[in-house]
Amino acid sequence: MKVGVKYCGGCNPRYDRVAEVYKLKEEFPDAAFVNASGNPDCDIVLVVCGCPAACADITGLQAKDEMFIIWQLADMERVREKLKTLCPNWRERRSEIGSESIGITKTEEAIAAEAAQAESLARADKAEAEEASRWFKMVMPLSGK
């Protein structure tokens with residue numbers, strides 16, 4: 001099982017893209033995660049983008065089964081479900097401190113991450129709306145409308 005990975009440039013990430021792929025590597029130890037560029041024999045390809053622009057160039061990327069364009073944490077759950085069907089020896093990831101598990105299951109962790117992401121996106125959306133409003137107030141008087 002070969003998983004091709006391509007990252008966007010990371011100019012506006014809203015979550016830790018690399019950490020999320022690392023979690024997948026832990027959960028699916030039988031899968032080989034490789035650079036997607038130049039690897040036409042990948043079973044699936046993950047195009048890991050950090051924001052809704054999803055601007056990573058996918059030219060030349062090929063997947064035998066499916067290509068995922070990921071731009072938010074919820075997209076990673078779709079990937080996990082797909083990998084569970086392709087990798088019979090997957091294991092549920094547990095957060096650990098040292099050698100002692102702190103008992104946070106993947107589901108609880110995903111819920112907490114989604115809540116943090118929603119809060120972050122709400123703050124970013126508010127800031128973008130405020131900036132657009134300021135710009136509109138500056139430009140409209142100049143346009144004569």
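About the criteria used
Residues numbered from 1 in each chain as written. Predicted model: local features only at pLDDT ≥ 70, side-chain atom pairs only at ≥ 80, totals over all residues. Heavy atoms only, no water. Buried < 20%, exposed > 50% of the residue type's maximum accessible area, 1.4 Å probe, protein only. Salt bridge = Lys/Arg side-chain N within 4 Å of Asp/Glu carboxyl O. Helix = DSSP H or I, 4+ residues; strand = E, 2+ residues; numbered from the N terminus. Axes fitted to C-alpha atoms, helices over the stretch in contact; angles between N-to-C directions. Parallel < 35°, antiparallel > 145°, perpendicular 65-115°, else oblique. Left-handed = near helix turned anticlockwise from the far one by under 90°. Contact = heavy atoms within 4.5 Å. Nonpolar A, V, L, I, M, F, W, Y, C, P; charged D, E, K, R; others polar. Pairing = 2+ DSSP bridges. Right-handed = clockwise from strand over helix to strand, strands pointing away. Patch = residues over 30% accessible without salt bridge, like charges linked within 9 Å, V, L, I, M, F, W, Y side chains within 5 Å. Areas by Shrake-Rupley, 256 points an atom, 1.4 Å probe, with all protein chains shown as cover. Polar contact = N/O pair within 3.5 Å; in protein donor to acceptor, adjacent residues only side chain to side chain.

Student: So what exactly am I meant to see when it comes to unusual backbone geometry here?
Tutor: Residues apart from glycine generally show negative phi values, whereas peptide bonds are mostly found in trans. One non-glycine residue, Ala 54, adopts positive backbone phi at about 45°. By relative accessible area, Ala 54 is classed as partly exposed at 26%.

Student: Which parts of the structure should I look at to understand the pattern of salt bridges?
Tutor: Two side chains that carry opposite charge are able to pair once their charged atoms sit near each other. If you walk through the whole model with that rule in mind, you get eight salt bridges. For Arg 78, the salt bridge goes to Asp 75, with nearest N and O atoms at 3.0 Å. Residue Arg 78 and its partner Asp 75 are located together in helix α2 (residues 73–86), separated by three residues, close to a single helical turn. Judged by its relative accessible area of 43%, Arg 78 is partly exposed. Here Asp 75 falls in the buried class, since its relative accessible area comes to 6%.

Student: It is not clear to me how the packing of helix α1 (residues 17–27) against α2 should be interpreted in this structure. Could you clarify?
Tutor: A pair of packed helices is captured by two measures, namely the crossing angle of their axes and the spacing between those axes. Remark: α1 packs on α2, axes separated minimally by 11 Å, with the N-to-C direction vectors making an angle of 20°. The pairing of α1 with α2 is recorded here as roughly parallel in orientation. Regarding α1 and α2, the two cross each other, and that crossing is right-handed. Contacts between α1 and α2 involve Glu 20, Val 21, Lys 23, Leu 24 and Glu 27 from the former and Leu 73, Met 76, Val 79, Arg 80 and Leu 83 from the latter. Tallied by class, the residues present in the contact of α1 with α2 amount to six nonpolar, no polar and four charged.

Student: Would you mind going over the pairing of strand β2 (residues 32–35) with me for this structure?
Tutor: If a strand is regular, its side chains alternate between the two faces of the sheet. Taken together, the four bridges between strand β1 (residues 2–7) and β2 define a ladder with parallel strand orientation. What sits directly across from Val 5, in β2, is Asn 35. Each parallel crossover has a hand, and the one from β1 via α1 to β2 is right-handed.

Student: Is there a simple way to think about a nonpolar patch on the surface in this case?
Tutor: There is a patch of nonpolar side chains on the surface, built from Trp 135, Phe 136 and Met 138 and spanning about 380 Å² of accessible area. By secondary structure assignment, the location of Met 138 is in helix α3 (residues 106–143). What makes Met 138 exposed here is its relative accessible area of 58%.

Student: Looking at this model, I keep getting lost on the environment of Tyr 15. Mind explaining?
Tutor: Tracing the sequence through the fold places Tyr 15 in the loop between β1 and α1. Assessed through its relative accessible area of 9%, Tyr 15 is described here as buried. Residues Tyr 15 and Trp 71, 56 residues apart in the sequence, show an inter-C-alpha distance of 8.8 Å. Other than its neighbours up to four places away in sequence, Tyr 15 contacts Glu 20, Val 48, Cys 49, Gly 50, Ile 70, Trp 71, Gln 72 and Leu 73. In this structure the side chain of Tyr 15 is engaged in a polar contact, spanning 2.7 Å, whose partner is the backbone oxygen of Cys 49.

In short, the description is geometric, and any link to function would need to be established separately.
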